[in-house]
Every structure is written in structure tokens, then in C-alpha cells.
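Each chain is listed here by its residues.
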Amino acid sequence: MNNAQQGPAARQAAMAERVLAEGSATAAELAERFGVSLMTIHRDLDELERQGIVRKFRGGVTAQPSGVFESNVQYRLKTMRAEKAAVAERALKMVEPGMAIMLDDSTSTLEIARRLRLGEVTPLTVVTNFLEAINMLSDQRGIHLMALGGDYDPLHSSFLGVSCVEAIGQLRVDVCFASTSAVHGGYAYHQEQHIVSVKRAMLDAAARNVLLIDHTKLARVALHRVVPLSRFDLLLVDDGASAEALRDLDENKVTYEVCAKPATVTKGSDDRAGAT
């Protein structure tokens, strides 16, 4: 069956996969690729936007984040894998048997969960609101998994809202590992207010806080300030960070470490979370 003969659901799924892989596309490119009219493409893109998978702009569509919109988790799972692996490897060295740790709903901290599947740091209590991490660790021996409930948000594949914040408030963990969309001028930023409230609650619930970011998040801002970077005991960033961006951290007296990227990132045979 050629692309023009596909039903709308199959065509939209293929279209979403293409845009998530490439980051963006024009409506004209998609119309040619799928052999349908521009009007049909725009109807498909309206549906994908309604589902929170992509955002439309004049003449095209994007899965990439902006200062106001966070990108879909499936896009984030595919990006900056080597950089996220570098900071996760360093973060894992801070985890010791017997600890209780908290992971937010970022694909950076998901790399920590991926490494915890090796079972080398147990016993361990892991608290998270991220469905991807819950699925990854649900059958791992030696890990006591605590899933934070709330309103499920498919854009982030996580549980959020008032009930999630209240559940976090009843806990105290040794370390919270978190990420955010942007870092600049001594502050961490995120695009969405309901994400901010959960991240703040997580930081309040931990004895120590560690921020994991890839270098593309430095020298950027988003709509909402999350917290001052002074709330974190340590910031971990990969070695793609520019001298200018690191100078901004120095000027704001941020404690940070630069983590070298591995030569390759290997996808394990039991990787359930997709490609990030």
C-alpha cells in the first residue's frame, strides 16, 4: 500500500515518526512525501498538534522546544543521547546502596534509571512520577519503586498536578536528580507552570539536589523560573558546553562539573523507553 492509500491514523503515525526523527518539516515536504493534498496534510497536522506531538507554524510543523512550549517526550527520547549518558554516568557515582533517590520526569534522569537496571547499586529506593522510568524499573530486583500518582500527562509521560505535589510533600529522600529546559543568569527555567510546581516540590523533599543538563540548555531561558541554581548542590553538564556558557555559571557561583561524553551510546536489548 502506498502512502496515499494509507488511512488517516496510519498516515498520521508515520508523519509523527518522521517529524520526531527530523525535528521539523514543511507542509509541502510532507504532502509530497505522503502523496496527499496540502489540505489533508494540514488536517493531519491539526490532529497531531491536538495530541501534543507537534506544534504548527506558518508553512510547517516542529517537534522542537521553544521558550514557551516543551517538546514531546518521544522527541526528547531521541535527542542528545551521548550528552545525557555522560551526565548520568557521573550522577550514578553519587548513588549508594541503602539510599532513597528521586527522579523527575526528564529524559536526562531516565538515563540514570537505565543504568540502575544493571542492578549494581542495591538495595535502593527510587521515587518518580515518570512513567518511562516506572516501566523501566518495575521488575528490577533490589529496587523499591515508589510511583508518584497524579493526573497523567501524555506530553511528558508523567503524573502531575496537586495530588502529585501533595504526595511528594510526604516524603524525604537523600538525593533528587532533576533536569530543566533552560539555564541562564543563575536560574533554572521551564516552559510549563504545572511542571514547575512538581519540580519545586521534589527539590524541597530532598537532602541534596543535583541538576542534570545537556549543553544546549545553557544560556537559554523559558517562560517560568523554576528556582535559583543555588538550590542545587551540583550541576552536571556535558563537555559540549561553551566557555562563555561556563563563564556564566562561574559568575553566578554555581558548583558544576563538566562530564566527558562516551565514544558511543549503546542501546540495550531490554531498553523499553525508545531511543533518548
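Residues numbered from 1 in each chain as written. Predicted model: local features only at pLDDT ≥ 70, side-chain atom pairs only at ≥ 80, totals over all residues. Heavy atoms only, no water.

Trainee: Explain the sheet that holds strand 15 (residues 256–259) here, please?
Mentor: One open sheet accounts for seven strands, arranged 6-5-4-9-12-14-15; its pairing is parallel. The open sheet has two edge strands with one neighbour each: strand 6 (143–147) and strand 15. Strand-to-strand twist of the sheet, defined as the mean angle between neighbouring strand axes without regard to direction, takes the value 20°. Where strand 5 (residues 124–128) meets strand 6, five bridges bridge the pair, whose relative direction is parallel. If you follow valine 126 over to strand 6, its bridge partner there is leucine 145. Packed on one face of the sheet, helix 10 (residues 243–251) meets strand 14 (234–238) and strand 15 and runs near 160° to strand 15. (Pairing = 2+ DSSP bridges. Helix = DSSP H or I, 4+ residues; strand = E, 2+ residues; numbered from the N terminus. Axes fitted to C-alpha atoms, helices over the stretch in contact; angles between N-to-C directions. Contact = heavy atoms within 4.5 Å.)

Trainee: Would you explain unusual backbone geometry in this entry?
Mentor: Peptide bonds are trans in most cases, and residues, glycine excluded, mostly fall at negative phi. The omega angle of the peptide bond from threonine 122 to proline 123 is -5°, so this bond is cis rather than trans. Within the fold, proline 123 resides in the loop between helix 6 (107–116) and strand 5. Phi at serine 157 is positive, roughly 55°, even though this residue is not glycine. By the element assignment, serine 157 lies in the loop between strand 7 (151–153) and strand 8 (158–160).

Trainee: Which parts of the structure should I look at to understand the nonpolar core?
Mentor: In summary, soluble globular proteins display a tendency toward joint burial of nonpolar side chains. Ranked by internal contacts, the top residues of the largest apolar core, which has 34 residues, are Met102, Ile168, Leu218, Leu229, Leu235 and Leu249. Take this core: its biggest share by element is six residues, from helix 9 (residues 193–204). Apart from the residues lying within four places of it in its own chain, the contact partners of leucine 229 are Val183, Gly186, Tyr187, Ala188, Leu211, Leu235, Leu249 and Val254. Ranked by size, the runner-up nonpolar core spans 30 residues in total, among them Leu77, Met136, Val175 and Cys259. (Core = buried A, V, L, I, M, F, W, Y, C linked by side-chain atoms within 4.5 Å. Buried < 20%, exposed > 50% of the residue type's maximum accessible area, 1.4 Å probe, protein only.)

Trainee: What is the right way to look at the packing of helix 5 (residues 81–92) against helix 6 in this model?
Mentor: Axes are the key here: two packed helices are described by the angle between their axes and the distance separating the axes. Look at helix 5 against helix 6: their axes get within 8 Å of each other, and the N-to-C directions meet at 60°. The angle between helix 5 and helix 6 falls in the class oblique. You can see that helix 5 and helix 6 cross each other, and the crossing is right-handed. Contacts between helix 5 and helix 6 pair Arg81, Lys84, Ala85, Ala88, Glu89, Ala91 and Leu92 from the former with Thr107, Ser108, Glu111, Ile112, Arg114, Arg115 and Leu116 from the latter. (Parallel < 35°, antiparallel > 145°, perpendicular 65-115°, else oblique. Left-handed = near helix turned anticlockwise from the far one by under 90°.)

Trainee: Would you take a moment to explain the pattern of salt bridges for this structure?
Mentor: Where charged atoms of side chains with opposite charge meet at close range, the side chains can pair. Overall, the coordinates contain twelve salt bridges when judged by the stated rule. For glutamate 89, the salt bridge goes to arginine 115, with nearest N and O atoms at 2.9 Å. Of the two residues, glutamate 89 is situated in helix 5 and arginine 115 in helix 6; the sequence distance between them amounts to 26 residues. Residue classification places glutamate 89 among the partly exposed residues on the basis of a relative accessible area of 40%. With a relative accessible area of 14%, arginine 115 lands in the buried category. Connected through shared salt-bridge partners, Arg81, Glu89, Glu111, Arg114 and Arg115 make up one network. (Salt bridge = Lys/Arg side-chain N within 4 Å of Asp/Glu carboxyl O.)

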